[in-house]
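The lines below spell out each chain.
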Amino acid sequence: MDNAGKYRELREMHKEFIYHGYDIADDGIFFHFSIDDYHFYPSWKTESGLLKNVTPFLEYIIFNLGMAELVSYWKCACPPVVKVKCGSLDEKQCLWWKKLYFNGLGEFFYRNNIDADFDSFMQIVPDDNGKRKYSCERKVGGYLVAVGGGKDSVVSLELLRKYHDETLCYIINPRGATVECAKVAGFDESKIVGPRRTIDRALLERNADGYLNGHTPFSAVVAFSAYLFAYLYGKKYIVLSNESSANETYVSGRQGNHQYSKSTEFERDFRSYVTDYLDDGIQYFSLLRPWSEWQIAKKFVTYPQYFPVFQSCNLGSKTDTWCADCAKCLYVYILLSAFLDDETLVKIFGKNMLDCEKYEDMFDGLVLDGKDKPFECVGTKSEVRLSLYMAIKRRGEKLPYLLSRYAKTNPPVPQSMDNYFDNDNFVPQHLIGLLK
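Overview of the structure.

Parameters at a glance
- Residues numbered from 1 in each chain as written.
- Predicted model: local features only at pLDDT ≥ 70, side-chain atom pairs only at ≥ 80, totals over all residues.
- Heavy atoms only, no water.
- Helix = DSSP H or I, 4+ residues; strand = E, 2+ residues; numbered from the N terminus.
- Contact = heavy atoms within 4.5 Å.
- Polar contact = N/O pair within 3.5 Å; in protein donor to acceptor, adjacent residues only side chain to side chain.
- Buried < 20%, exposed > 50% of the residue type's maximum accessible area, 1.4 Å probe, protein only.
- Core = buried A, V, L, I, M, F, W, Y, C linked by side-chain atoms within 4.5 Å.
- Pairing = 2+ DSSP bridges.
- Arc of directions from axis to C-beta.
- Phe/Tyr/Trp six-rings, centres within 6.5 Å; stacked < 30°, edge-to-face > 60°.
- Axes fitted to C-alpha atoms, helices over the stretch in contact; angles between N-to-C directions.
- Left-handed = near helix turned anticlockwise from the far one by under 90°.
- Nonpolar A, V, L, I, M, F, W, Y, C, P; charged D, E, K, R; others polar.
- Salt bridge = Lys/Arg side-chain N within 4 Å of Asp/Glu carboxyl O.

A few words now on the environment of S244. Topologically, S244 is positioned in the loop between β11 (237–240) and α9 (264–277). Taking C-alpha positions, S244 is 7.4 Å from T264, a pair spaced 20 residues apart along the chain. Once you skip the residues sitting within four places of it in the chain, S244 turns out to touch L288, R289, W291, S292, Y420 and D422. A polar contact of 3.2 Å, which involves the side chain of S244, links it to the side chain of Y420.

You can see C329 is positioned in helix α11 (residues 327–337). The buried category is assigned to C329, whose relative accessible area is 0%. Separated by 76 residues in sequence, C329 and R405 have C-alpha atoms that sit 19 Å apart. Those residues within four positions of C329 in sequence are excluded, and the remaining contacts are C313, W322, C323, A324, F349 and M353.

The subject of this paragraph is the nonpolar core. Residues Y19, W74, W97 and Y101 are the most contacted members of the largest nonpolar core, which totals 80 residues. In terms of residues, this core owes the most to one element, helix α2 (residues 56–74), which gives 13 residues. Membership of the second largest hydrophobic core comes to 72 residues, among which are W294, V301, F307 and L386.

Residues of strand β8 (residues 167–170) alternate between two faces, with T167 and C169 on one and L168 and Y170 on the opposite face, all of them buried. Two elements, strand β7 (residues 143–146) and β8, share four bridges in a ladder whose sense is parallel. The residue bridging Y143 from the neighbouring strand is T167, located in β8. Inspection of the sheet shows β8 paired to strand β9 (residues 192–193) by two bridges, in the parallel sense. Bridge pairing in β9 places Y170 opposite V193.

By the burial criterion, the buried members of helix α12 (residues 342–349) are D342, L345, I348 and F349. Projected down its long axis, α12 shows its buried positions confined to an angular sector of 115 degrees, all on one face. Opposite the buried face of α12, by more than 90 degrees, sit the exposed residues E343 and K347. Summarising the contacts, the buried residues of α12 are in contact with α11 and α14 (381–395). For α12, the N-terminal cap is D341; the gap from its side-chain oxygen to the backbone nitrogen of E343 is 3.2 Å.

Next up on the list: the packing of aromatic side chains. Applying the stated criterion across every chain yields a total of 43 aromatic pairs. Ring geometry for Y143 against Y237: centres 5.2 Å apart, planes inclined by 20 degrees, an arrangement best described as stacked. With Y143 in strand β7 and Y237 in strand β11, this pair connects stretches of sequence that are 94 residues apart. When its relative accessible area of 12% is taken as the criterion, Y237 is described as buried. Seen from their ring centres, F300 and F307 are 5.7 Å apart, and the 45 degrees between their planes marks the pair as tilted.

Moving on: the packing of helix α8 (residues 218–233) against α9. Two quantities define a packed helix pair, namely the angle between the helix axes and the distance between the axes. Contact geometry for α8 and α9: axes closest at 12 Å, N-to-C directions at 35 degrees. In this structure, α8 meets α9 at a crossing whose hand is right-handed. Of α9, the residues touching α8 (which contributes S219, A220, A223, F224 and Y227) are F266, F270, Y273 and V274. When its residues are assigned to classes, the contact of α8 with α9 shows eight nonpolar, one polar and no charged.

Following the criterion strictly, the structure yields 23 salt bridges and no others. Across the salt bridge formed by K99 and D269, the nearest N and O atoms sit 2.8 Å from each other. Of this pair, K99 sits in helix α3 (residues 91–104) while D269 sits in helix α9; the two residues are 170 residues apart in sequence, bridging distant segments of the chain. Put simply, K151 and E293 hold a salt bridge, and the shortest N to O gap is 2.9 Å. Of this pair, K151 sits in helix α5 (residues 151–159) while E293 sits in helix α10 (residues 293–300), and the two are 142 residues apart along the sequence. Judged by relative accessible area, which is 4%, K151 ranks as buried. Where salt bridges share partners, they join K99, E265 and D269 into one cluster.

Moving on, we come to the side chain of Q93. Of note, Q93 is situated in helix α3. Owing to a relative accessible area of 0%, Q93 belongs among the buried residues under this scheme. Residues within four places of Q93 in sequence aside, it is in contact with Y60, N64, S88, Y273 and Y277.

Moving on: the sheet that holds strand β12 (residues 283–286). With respect to topology, five strands assemble into an open sheet ordered β9-β8-β7-β11-β12, the strand pairing being parallel. Each having just a single partner strand, β9 and β12 make up the two edges of the open sheet. Docked against the sheet, α8 engages β7, β8, β9, β11 and β12, running at close to 145 degrees with respect to β8.

The quantities given are spatial measurements derived from coordinates; they are silent on function.
Written out as structure tokens, the structure reads:
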């Protein structure tokens, strides 16, 4: 049976997904979801005592974090009804969450060949459909910067260097690259907020049994969890490092964005949600939204101290290495090849990825119109072509295989992005000057 058939079968077998509730300890949060007899208990572990004083506002933030978490468990069987037994959701909120789930599961639906439609893929049924609105009862100030270990968050940390003393790094499940990048930027462990997020093994067991799997809008989990920790640590600004390139569709000829919850549209929606239901005294924004990935790479190479420690390969994240065998690695290699020589790049990645014939298909997906982009967090094809143009000029006549192959197509000279600036952003006015 194909996955489209499995989707229909599982929805017949499992009619309801239930968000039962959450427990709050002084050092952690424990959610409870279920699909019939399958129960899931994902958790977040925090610094001891951080959650000791529970207020109605704190509880409501945690409830909303659970709403962001639940889609990862729902998608294994995709029950048509989601019952919410805790918290409260009015009609507008239900539509907000449906939009996030539907768009954030775009890759999941596409890869599994599921022809889902917005109206019928899910019905959210809350026990309490009243509207809740709370106020942040504490004074907030300074910055909480999400650090993923890649070049983007490094650039944000460096741009905000003058605000270093009022900044904390936010790292979910700290690992080598994330912690080392923070340390190179001058943040010791006392300046790192590093909660441990745990996926319930029961979900992995369902996947092993043949239930559905795929990409979910994880950056929405980052958004709501960062809001939670900004509140707990008294920070006013939640700083992400998503760029304008995150808005581009991945599937030729149709809408489908691998990184929807990194898009400007989601950022706008999240900020509206905070205003309507939480407290916009805590502000969420992406500092790098006005820039393209190419501009970020150009800035990043001016910080060579990070070359030995930064890492943004999903496959190599557990071992803090570049696998040098995936589309994400090839994409970052291409971007940096515009500014760095191959000797430096080989020290970072372990090999010359532009000299590997087997990456032709991935390369074409990153570069050519009419080809689907690889489902990874990669930028626009125009900035890839600009990087390749610069890489070819930098290397002269001695070109590695993929550059030589591309040069033979006689590509047009791409337009410079030096002066690109996307004005559709939410960067606070006092920080805009950092980007111009």
